[in-house]
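Examining the three-dimensional arrangement
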Amino acid sequence: RKFITFEYWREYLTELDYDELVYGHNRLSEIAENYPSASLGLIRFLYIIILKRMEIRDRSRSVNSVDIIFNFDCIGFTGTPFLDNYPTSDYIRHQREDDIPPSIDRSFYAYTSEELSQDEFENRFSQFQGQNSDVKVEYVSSDFMQESLKIGEMETLKEIFTREQENPKAESRKTTKAPFNAIVDLCGIFKLSTIEDVRSLVLEHFGPGCFHYIYHIDQSDGSDRMLCIKSKNDVTFDEEFYRDLCKRYGADLRHKIFFFVDNRNYIGKDVPYQLIYQRHFKLPLFVKSVVIAHDVEDFSKIWQAMGRSRTMNDTTFSIYKSNIPADMIKGNNGLGDIKTLPLTRLLYTKNCDCKMAGNLSSIYQTLIALYNLSQDSFYYSDDIVNSFIEKMEMTIQTKVKMLEDKIARVVLGTPVPARILEHIFLDKFRGSPNKAVATVELSHDMVNALARQIVKQKFEQRHPSGDVYDEFIRFLSGEQDSLMEISYTKQQQKQKQKQKAKSQDNDTMDVFDKKNQLTFAFKTDNYLDMSKNPNKDEARLTLSLPISVPIFEMQYYAEGCRKSIQVYPTIQFLYSHHIMGNYISEEVHRVGKGAADPQKFCADFVSTVFSRAASKDGMNGVDPD
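1. A look at the overall build of the chain
- Secondary structure summary: the chain contains 26 helices and 11 strands in total.
- When each of the 625 residues of the chain is scored for burial, the buried share is 45%.
- Of all intrachain contacts in the chain linking residues separated by at least 6 positions in sequence, the fraction that spans at least 24 positions is 69%.
- Carbon and sulfur atoms make up 50% of the accessible area of the chain, which amounts to about 33300 Å² in all.

2. Focus on the packing of aromatic side chains
- Scanning the entire structure with this criterion turns up 43 aromatic pairs.
- Between Y215 and F237 the ring centres are 6.1 Å apart and the planes differ by 70 degrees, which places this aromatic pair in the edge-to-face class. You can see Y215 sitting in strand 3 (residues 213-217) and its partner F237 sitting in the loop between strand 5 (234-236) and helix 11 (239-249), a full 22 residues away along the chain.
- With centroids separated by 6.5 Å and ring planes inclined at 85 degrees, the aromatic side chains of F237 and F241 adopt a geometry described as edge-to-face.
- According to the relative accessible area criterion, F237 is buried, its value standing at 3%.
- Taking relative accessible area as the criterion, F241 reaches 16% and is therefore assigned buried.
- Ring pairs connect the aromatic residues F108, Y109, Y111, F121, F125, F128, F299, W303 and Y348, which therefore count as one cluster.

3. Overview of helix 13 (residues 299-306)
- Taking burial as the measure, the eight residues of helix 13 include six buried ones, the bulk of the element.
- If you check which residues of helix 13 are buried, you get F299, S300, I302, W303, A305 and M306.
- The elements touched by buried residues of helix 13 are helix 7 (118-129), strand 1 (136-141), strand 2 (182-185), strand 7 (288-294), strand 8 (316-321) and helix 14 (342-357).

4. Comments concerning the environment of R474
- Looking at the secondary structure, you find R474 in helix 21 (residues 468-476).
- Residue classification places R474 among the partly exposed residues on the basis of a relative accessible area of 28%.
- Along the primary structure R474 and A357 are separated by 117 residues, whereas in three dimensions their C-alpha atoms are 9.5 Å apart.
- Side chain to side chain, R474 and E471 meet in a polar contact 3.3 Å long.

5. Some thoughts on the sheet that holds strand 8
- Ordered in space as 5-4-3-6-2-7-8-1-9, the nine strands form an open sheet in which the pairing is mixed. Of all the strands in the sheet, just strand 5 and strand 9 (336-337) have a single pairing partner and so form its edges.
- Relative to strand 7, strand 2 runs parallel, the two sharing four bridges. By the bridge assignment for strand 7, V184 is matched with V291.
- Where helix 10 (residues 195-206) meets the sheet, it contacts strand 3, strand 4 (224-228) and strand 6 (257-262), and its direction lies at approximately 155 degrees from that of strand 3.
- Along the sheet, helix 11 makes contact with strand 3, strand 4, strand 5 and strand 6, crossing strand 3 at roughly 155 degrees.

6. Topic: the pairing of strand 11 (residues 561-567)
- Examined bridge by bridge, strand 10 (residues 552-558) and strand 11 share seven bridges and lie antiparallel to one another. Bridge pairing links E553 to Q566 in strand 11.
- Remark: two residues form the turn of the hairpin made by strand 10 and strand 11, two consecutive strands paired antiparallel; E559 in that turn has positive phi of roughly 55 degrees.

What counts and how
Residues numbered from 1 in each chain as written. Predicted model: local features only at pLDDT ≥ 70, side-chain atom pairs only at ≥ 80, totals over all residues. Heavy atoms only, no water. Helix = DSSP H or I, 4+ residues; strand = E, 2+ residues; numbered from the N terminus. Buried < 20%, exposed > 50% of the residue type's maximum accessible area, 1.4 Å probe, protein only. Contact = heavy atoms within 4.5 Å. Areas by Shrake-Rupley, 256 points an atom, 1.4 Å probe, with all protein chains shown as cover. Phe/Tyr/Trp six-rings, centres within 6.5 Å; stacked < 30°, edge-to-face > 60°. Polar contact = N/O pair within 3.5 Å; in protein donor to acceptor, adjacent residues only side chain to side chain. Pairing = 2+ DSSP bridges. Axes fitted to C-alpha atoms, helices over the stretch in contact; angles between N-to-C directions.

Structure (structure tokens):
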């Protein structure tokens, strides 16, 4: 619904209320039933807009051929696909075999392989900057965080406060005005801290006369909030409240608000009223923005975090980054034009290299999409539905061979898809930092062999060949450093992104100390056959066994008698973020050793539980049967 533009509504759907159509709660089917004359306009909308964005799935993998083919050519610098710019219609309809016209202007990309002069790099980076052409930045080493985070998150934030105030270039260090008023947490350094923790530190470090409010983003609904440092009142940051603040503080408002921006979960969300403030007072609302990039290598994400300031030309930036090469930074050496700094060039070119390379999943989907195109099919039904089962049945090699033969025969045997695939390979390879890949001249046989090896690698059936094809696969696999375990499902990619972001909601647990680890091992020639019979599946049986050491105990009195409630975990429950490592004690280790005999293990559990219950409350409330 949000893709229905005002112009489209005015041309085809004027009998409907625009706001109710786009933002209302009625289903489109209900609208079509209530307003029959609008049906054709809604159907047209579905065909033009929805089909360009949907992915039809059938069995294992189905790919919208129109969407995927030109994905490589329609990814902007920040990874956003511009779907409406696809040149597919004209190119495919007329069976063209010439070079595919570029969908978007990528002239601002700078690849490592090009070895550009500094002037040429700055020219391209200026094109990327657009209107934000005068951005002043200093890169600050964040290596100190490796130690400070062991102490605590607020200790790390305090260290940042101290470093910014001690910066020789900082203004007003001995006044009630702080030299900066914004922190953008790009990588989740402060993921476990609450806004109340931040408030306490701001009050302690800067005193009550500096900042009066802390801006933050509500983690539950993403709304803009203002926390009063003095009263602890947390209110919505809306237009009425903004106007009230302007009346009270005037142009000095920017020195009274500390902006604490969580950039992990709300990428692209703007901090409101910045442009209004600048137009009114001729000053940026962000005095100086401190971006905590630390372990983030993706320059596009750093630029997005900087973009939380809508006035980038007037706001100065400190970017905290780890592992900065020694020759690129020497302490807080002051601000500089971002495009002239050597670290900017390193991060930017690396980002361009990665964006061009993509990943193995995307190039495999491209092969499937080209197969769809050659078959005049909108979706693809994969014969390899579950690669794990196929591997266990030992049929994966045969099916992968059939799949690679089919893709090579159909795709490379059809002129238009074959030309598209060759163009995709060449376009990607030209941006490779590896000269052996960047300068290659692809023959038809090489395209054939590479397509086959992509299919093998996708299903982890390829072995290193020791030639240039290893370099091709390594490059097409994007960020992976080796040829092993390159392919990812969409779910695995999302999980990896969550782990990188160190999300507060991440459900992974810390690795326990060796003494608090409980280890089980099983040997089997064919686990698939074992798993088909639950009574023979040793691993499954073991995980379901209860540990006779209570994880929770509560005593209470009822009707004059003392009673108790005891909660016992299963072995599987021990692999949980709800478990503390010290629960797995010597007693738990002793009990766990008996898991090899499940029947005796359960009998011992029952005996132990009743003995413990009897000693606790004299069997009150315990039924021995």
